[in-house]
Amino acid sequence: MEKRIYLDNSATTPVRPEVLEAIYPFLKELGGNPSSRHKEGRLVKAAFEKARDSVATAINAESKEVIFTSCATEGNNTVLKGYLSGLRSRTGKNHIITTAVEHPSVLSTARELEKKGTEVTFLPVDKFGRLNLDMLRSSIKENTGLISVMMVNNETGNIYPVKEIAKIAAEKGVLFHIDAVQAIGKIPVDVKDIGCDFLTLTAHKFYGLKGSGALYVKWGKWASPLITGGHQERNRRAGTENVVGAVGLGKAIELAVKEQSEESARLKKLRDHLEKRILEEVPYTRVVGDPGGRASFISNISFRFVEGEAILLKLDYDGIAVSTGSACSSGNLEPSHVISAMKVDPEEAHSSIRFSLGRSTTAEDIDYTVERVKETISQLRSFSPVYDKFLLENEKKSAWRV
Ligand code: PLP
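Residues numbered from 1 in each chain as written. Predicted model: local features only at pLDDT ≥ 70, side-chain atom pairs only at ≥ 80, totals over all residues. Heavy atoms only, no water.

> Would you explain the pairing of strand 8 (residues 213-217) in this entry?
The side chains of a regular strand alternate, first on one face of the sheet and then on the other. Within strand 8, five of the five residues are buried, which leaves it mostly tucked inside the rest of the structure. Side-chain alternation along strand 8 places Gly 213, Leu 215 and Val 217 on one buried face and Ala 214 and Tyr 216 on a second face that is also buried. Both strand 2 (residues 66-69) and strand 8 contribute to a ladder of four bridges, which runs antiparallel. Looking at strand 8, one finds that Thr 69 is bridged to Gly 213. (Buried < 20%, exposed > 50% of the residue type's maximum accessible area, 1.4 Å probe, protein only. Helix = DSSP H or I, 4+ residues; strand = E, 2+ residues; numbered from the N terminus. Pairing = 2+ DSSP bridges.)

The following block contains the structure:
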């Protein structure tokens, strides 16, 4: 098979062998329904509950506080829609606060709620993607019911100060939800230490299966389920359980947390090497994100005068998978909402590439990638009229100075 270098681990990760091994018996022979009272059901139920214990241990929660979901998008929808409808009917609170750089599963849900009459504050970020906590504090009103802020941004790797936010929320009597999808296995996640009320995660970002997630809900903070039907998950999420997904999630989170500190340190070295070489060897490049606080596996770099999509396609041809800061929608290349919220110059915003490292990434992969990036950028710039114009203007300026 063709050798590939996969640097898109923020989008998803491959299933690790230990997870495959753990789920195999549930695919092959253990096919009972966990709600059934017979032996086939009981066997499956025991494995399902063991997986719940693993998730709880990994984030320092109680097992009864973990609800299995189909993905993080469902978890985020459950908190924003389900929680809010319950809260609104009990207390009349109808205002939520979130940020301009959340994942679409939070942002679009908040916009949807806004259309139906919920008041939503989308907090802006500065040019490094950082939040202003004084602004957050002053946005809280009498009718604020919920604050939702992510822990690690999926495009820049920025780490948000969730512990401080939890403190502010608690002081004001507001509930706090964290989208921790990109944080699990990358930085420590301890719901008791943070002091949050809800936290979302998804298995496919840490070598589990796609279509399998979990939602932490602090005991006693429940409102309305998003999916109604049977009595599964203590009436909080109906539907026959995805046992295979949950067993895989349990194994994946166990290993991700166990290996977190060593693996993050390893990836930080590789990420720093990648950035150092690119910034030194490719002119007009810049790291997009918070210089003071980024998770170690993501690097978002802008390459002025070239389109991110063109870089992605050329690197893909060379055997390297990365992603862009642009989303290709209906034929238009729009810069991502995260990069736009950071008020990056539009020309630069179109030129950003996200490299996200993972378990398979080696030092050789990084050096090979840098070489291909150098070649790609120099080729693409040689066809770029914008770059030509820039060089010409610079030449004129230096001639003028002489
Ligand atoms: N939240 C963040 C920060 C993400 O990066 C993603 C996936 O890209 C999601 C939520 C959605 O996860 P899922 O694919 O499990 O719905």
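Back to the write-up after that little detour.
> Which parts of the structure should I look at to understand the side chain of Ser 139?
For Ser 139, the location among the structural elements is in helix 5 (residues 133-139). By relative accessible area, which is 14% here, Ser 139 ends up buried. Contact partners of Ser 139, with chain neighbours within four places excluded, come to His 95, Ile 97, Thr 121, Leu 123 and Thr 144. (Contact = heavy atoms within 4.5 Å.)

> I keep staring at the site of the ligand and nothing clicks. Help me out?
Surveying the vicinity of the ligand reveals 13 residues, the closest of which are Thr 73, Asp 179, Gln 182, Thr 202 and Lys 205. In this structure, an oxygen atom belonging to the ligand sits 2.9 Å away from a main-chain N or O atom of Ala 72. Here Thr 202 contributes a side-chain N or O atom positioned 2.7 Å from an oxygen atom of the ligand. With the chains in place, 87% of the 390 Å² that the ligand exposes on its own is no longer accessible. Taken together, the residues of the shell around the ligand sort by class into four nonpolar, seven polar and two charged. (Near = heavy atom within 4 Å. Polar contact = N/O pair within 3.5 Å; in protein donor to acceptor, adjacent residues only side chain to side chain. Areas by Shrake-Rupley, 256 points an atom, 1.4 Å probe, with all protein chains shown as cover. Nonpolar A, V, L, I, M, F, W, Y, C, P; charged D, E, K, R; others polar.)

> I keep staring at the domain arrangement of the protein and nothing clicks. Help me out?
Where interface size is quoted, it is often the accessible area lost as the parts come together. When its domains are assigned, the protein resolves into domain 1 (5-11 + 260-401) and domain 2 (17-256). Spacing between the C-alpha centres of domain 1 and domain 2 amounts to 31 Å. Counting residues at the interface gives 26 residues for domain 1, matched by 28 residues for domain 2. Here domain 1 and domain 2 share an interface that buries about 2300 Å² over both sides, 53% of which is from carbon and sulfur atoms. The largest share of the area that domain 1 buries against domain 2 comes from Gln 260, His 337 and Met 342, three residues that together contribute 24% of it. Scanning the region where domain 1 abuts domain 2 turns up one salt bridge. Here Arg 130 makes a salt bridge to Asp 290, at a shortest N to O gap of 3.9 Å. Our enumeration of links across domain 1 and domain 2 arrives at 15 residue pairs in polar contact (both at pLDDT 80 or more). At the level of secondary structure, the elements contributing two or more residues to the side of domain 1 that touches domain 2 comprise helix 9 (243-281), strand 10 (298-303) and helix 11 (337-341). In terms of residues, the side of domain 1 that touches domain 2 owes the most to one element, helix 11, which gives four residues. Here the residues of the side of domain 1 that touches domain 2 are counted per class, giving ten nonpolar, eleven polar and five charged. (Domains from an automatic or database assignment. Buried area = accessible area lost by both parts, 1.4 Å probe. Salt bridge = Lys/Arg side-chain N within 4 Å of Asp/Glu carboxyl O.)

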